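# Topology and contacts: notes
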There are 2 protein chains.
Amino acid sequence: MRVGELSRKTGVPVPTIKYYVREGLLPPGELTSRNQASYDETHERRLRLIRALLDVGGMRVAEIADVLAALDDPERPLHKVLGAAADRVGGASAAYDDAESAAARGIVADLVSRRGWRAQASNPAAVELAEALAAMARLGHGAFADVLDDYADAAEQVARADLGYLDRQVAVEDMVEGMVVGTVLGEAVFGALRRLAHVDASARRYGED
Amino acid sequence: MRVGELSRKTGVPVPTIKYYVREGLLPPGELTSRNQASYDETHERRLRLIRALLDVGGMRVAEIADVLAALDDPERPLHKVLGAAADRVGGASAAYDDAESAAARGIVADLVSRRGWRAQASNPAAVELAEALAAMARLGHGAFADVLDDYADAAEQVARADLGYLDRQVAVEDMVEGMVVGTVLGEAVFGALRRLAHVDASARRYGED
DNA sequence: GATAGCGGATAGTTCCGCTATCCACTTTGG
DNA sequence: CCAAAGTGGATAGCGGAACTATCCGCTATC
């Protein structure tokens, strides 16, 4: 298959495919002559994965490049790949250093030890959590920390469901990719479900419509 | 207070404040002369809200403008404001129309009726959910739909926690804003917790570190 | 042997979230 | 009272991100 057919099958324009190759998201096709290359189903699959992570997962091209590089690494340290996938939000937060941030970090540390979670305070997810809580505190919603345990219960339930799905449904050789898909697209799924549940709860309380 | 002090208190540069005013995120200060205006704590609070929605919630400026406009509408149709807050992801999805999309819409419709959720199929959250499931199906993870009920349980639990927090902790006049904060920043909080739970579960299974 | 398509390279476009500059005009400090 | 600092308002520019367009010499195909 050459690039035109790949484009037709996936709906991704040819110049965009070239761009993804340039950026290292997609391996180049195998050259059969100086200016002819052939692509196969692995390229097609990879391209669909890229679009899903972009469109549904909201990831950025550079983040996807990192995750896919980790995914293609034959060493495959599973939780490292996941780390790359999970760090996608990390970004360049200025790391405030006010009272709220310090308090939030303390709340997170308490939560992690209370739960017995094997996670470091330096974990990007923990940092992000602390930042979110600090932002809420600055908005006068410091008491939101009181519902953290309810949130954590739900998060554990979701994580259990994810692992169970992987065990039951995914072949070993696809597990790393499955974890990436589950982590990134699963977040979109859960976010949508949460908003649906909000709509329902809100509709039950206040008026019909 | 004039713009310089507002800037100092919030850490937002003056030109950026001017930009937010131009974009309708922040109401202009009250003019005391042709080129002097005064700002108060409501401006400060609003500015912090803007930065939280931007930095932590990942919203875009135009989306924030929509949400805040709804929030400031004295008619205050609560679930409309929430709708504006929840639609933030909606964006310009091309709305595929293949077999996977149709199947995913069916799965979502089943879920909504099975749960007895008061939500329309046209709801942006439902559409987004269907798109996410369709993307997974295209990647060979159609069986992920099997864990949807686990996800939905967790989503309901989170939604209950959110409403409970609002009832207990937030004054009536702040409830609309509280719902926006909870919806948007709560998603960041949950996402971080989910990733922490993944890290923990993954660490328990595969190696130490 | 004409035509369509290709791989590879480079340059341009659009959008977004700011940031810089300018202006005429207060406010403030000495 | 006057100079320096700051202000509101307007316009223009910038840097990053994700494409998109164009061009080249070449190749597959009919």
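Described in the following lines is the structure provided in the data block. Please read all numbers here as calculations on a predicted model, not as lab measurements.

Rules used throughout
Residues numbered from 1 in each chain as written. Chains lettered and ligands numbered in written order. Predicted model: local features only at pLDDT ≥ 70, side-chain atom pairs only at ≥ 80, totals over all residues. Heavy atoms only, no water. Helix = DSSP H or I, 4+ residues; strand = E, 2+ residues; numbered from the N terminus. Buried < 20%, exposed > 50% of the residue type's maximum accessible area, 1.4 Å probe, protein only. Areas by Shrake-Rupley, 256 points an atom, 1.4 Å probe, with all protein chains shown as cover. Near = heavy atom within 4 Å. Polar contact = N/O pair within 3.5 Å; in protein donor to acceptor, adjacent residues only side chain to side chain. Least-squares fit on C-alpha atoms with pLDDT ≥ 70 in both. Contact = heavy atoms within 4.5 Å. Axes fitted to C-alpha atoms, helices over the stretch in contact; angles between N-to-C directions. Parallel < 35°, antiparallel > 145°, perpendicular 65-115°, else oblique. Left-handed = near helix turned anticlockwise from the far one by under 90°. Pairing = 2+ DSSP bridges. Expected span 1.5 Å × (residues − 1). Arc of directions from axis to C-beta. Buried area = accessible area lost by both parts, 1.4 Å probe. Salt bridge = Lys/Arg side-chain N within 4 Å of Asp/Glu carboxyl O. Nonpolar A, V, L, I, M, F, W, Y, C, P; charged D, E, K, R; others polar. Phe/Tyr/Trp six-rings, centres within 6.5 Å; stacked < 30°, edge-to-face > 60°.

### Quick look at the overall build of chain A
Each helix and strand counted, chain A has nine helices and two strands in total. The linear arrangement of helices and strands in chain A, starting from the amino end, is α-α-β-β-α-α-α-α-α-α-α. The buried share of chain A, reckoned over its 209 residues, is 49%. By element, 50% of the accessible surface of chain A is carried by carbon and sulfur atoms, the whole surface being about 9900 Å².

### Looking at the protein's contact with DNA strand C
Taken together, 22 residues are adjacent to DNA strand C, and Val3 and Gly4 of chain A together with Tyr20, Ser33 and Asn35 of chain B come closest. Between a phosphate oxygen of DNA strand C and a side-chain N or O atom of Thr16 of chain B, the distance comes to 3.2 Å. Here a base oxygen of DNA strand C and a side-chain polar atom of Asn35 of chain B are 2.5 Å apart. Going through the elements one at a time, helix H1 (3-10), helix H2 (14-22) and strand S2 (36-38) of chain A together with helix H2 (14-22) of chain B are the ones with two or more residues in the surface near DNA strand C.

### Considerations on the relation of the copies chain B and chain A
Once chain B is rotated about the relating axis by 180° and shifted along it by 0.0 Å, it coincides with chain A to within an RMSD of 0.1 Å. Here the symmetry operator amounts to a two-fold rotation axis. Taking the C-alpha atom as reference, chain B places Ala154 of chain B closest to the rotation axis, 2.3 Å from it. Most of the interface of chain B is mirrored in chain A: 99% of its interface residues are interface residues there too.

### Considerations on the packing of helix H8 (residues 148-169) of chain A against helix H9 (residues 175-205) of chain A
All names here are of chain A. The geometry of H8 relative to H9 is characterised by a closest axis approach of 11 Å and an angle of 140° between their N-to-C directions. Between H8 and H9, the angle falls in the class oblique. The handedness of the crossing between H8 and H9 is right-handed. For the pair H8 and H9, the contacting residues are Tyr151, Val158, Leu163, Leu166 and Asp167 in the first and Met175, Gly178, Met179, Phe190 and Arg194 in the second.

### Examining the protein's contact with DNA strand D
Among the 22 residues in the neighbourhood of DNA strand D, the closest are listed as Tyr20, Ser33 and Asn35 of chain A together with Val3 and Asn35 of chain B. Backbone atoms, meaning sugar and phosphate, form 64% of the atoms of DNA strand D found within 4 Å of the protein. Between DNA strand D and Arg22 of chain A there is a distance of 3.1 Å, counted from a base oxygen to a side-chain nitrogen or oxygen. Lys18 of chain B is positioned such that a nitrogen or oxygen atom in its side chain is 3.2 Å from a base nitrogen of DNA strand D. Elements with a contribution of two residues or more to the surface near DNA strand D: H2 of chain A together with helix H1 (3-10), H2 and strand S2 (36-38) of chain B. Of all the elements, H2 of chain A adds the most residues to the surface near DNA strand D, at five residues.

### Things to note about the pairing of strand S1 (residues 30-33) of chain B
Residue and element names in this part refer to chain B. Relative to S2, S1 runs antiparallel, the two sharing three bridges. Bridged to Leu31 within S2 is Ala37. Between S1 and S2, which pair antiparallel in sequence order, lie two residues.

### Some words on the side chain of Glu44 of chain A
Residues and elements named next belong to chain A. In this structure, Glu44 sits in helix H3 (residues 41-55). Look at Glu44 and you get buried, because its relative accessible area is 14%. Among residues more than four places away in sequence, those in contact with Glu44 are Met1, Leu6, Lys9 and Thr10.

### Examining helix H6 (residues 99-115) of chain A
All names here are of chain A. When the terminal C-alpha atoms of H6 are compared, their 24 Å separation across 17 residues agrees well with the 24 Å that a helix rising 1.5 Å per residue should span. Every buried residue of H6 is accounted for by Ser101, Ala104, Val108, Leu111, Val112 and Arg115. Taken around the axis of H6, the buried residues stretch over an arc of 95°, which confines them to a single face. What points out from H6, more than 90 degrees from its buried face, is the exposed set Ala99, Ser113 and Arg114.

### So, the interface of chain B and chain A
Contact residues are listed per partner, giving 83 residues for chain B and 83 residues for chain A. Of the roughly 7900 Å² buried at the junction of chain B and chain A (both faces included), carbon and sulfur atoms supply 66%. Of all residues in chain B, Leu139, Arg195 and Leu196 of chain B bury the most surface against chain A, accounting for 10% of the area lost on that side. One can count six salt bridges joining chain B with chain A. In this structure, the salt-bridge partner of Glu128 of chain A is Arg195 of chain B, at a minimum N-O distance of 2.2 Å. Connecting chain B to chain A are 22 residue pairs in polar contact (both at pLDDT 80 or more). Sorting the residues of the side of chain B that touches chain A by element identifies helix H3 (41-55), helix H5 (78-86), helix H6 (99-115), helix H7 (124-138), helix H8 (148-169) and helix H9 (175-205) of chain B as the ones contributing at least two each. In terms of residues, the side of chain B that touches chain A owes the most to one element, H9 of chain B, which gives 27 residues. Of the residues that constitute the side of chain B that touches chain A, the class distribution is 48 nonpolar, 13 polar and 22 charged.

### Section: the packing of aromatic side chains
Inspection of the entire model under this criterion finds nine aromatic pairs over all chains. Between Phe144 of chain A and Tyr165 of chain B, the aromatic rings sit 5.4 Å apart at their centres with planes inclined by 80°, giving edge-to-face as the arrangement. Here the residue Phe144 of chain A occupies a position in the loop between helix H7 (124-138) and H8, and Tyr165 of chain B occupies one in helix H8, the pair thus bridging two chains. Across the pair, exposure class does not vary: Phe144 of chain A and Tyr165 of chain B are buried alike. Among the aromatic residues, those joined into a ring-pair cluster are Phe144, Tyr151, Tyr165 and Phe190 of chain A together with Phe144, Tyr151, Tyr165 and Phe190 of chain B.

### Quick look at the packing of H7 of chain A against H9 of chain B
Remark: H7 of chain A packs on H9 of chain B, axes separated minimally by 8 Å, with the N-to-C direction vectors making an angle of 160°. Comparing their axes, H9 of chain B and H7 of chain A come out roughly antiparallel. In this structure, the crossing between H7 of chain A and H9 of chain B has a hand that is left-handed. Contacts between H7 of chain A and H9 of chain B involve Ala125, Ala126, Glu128, Leu129, Ala132, Leu133, Ala135 and Met136 of chain A from the former and Val181, Gly182, Leu185, Gly186, Ala188, Val189, Ala192, Leu193, Arg195 and Leu196 of chain B from the latter.

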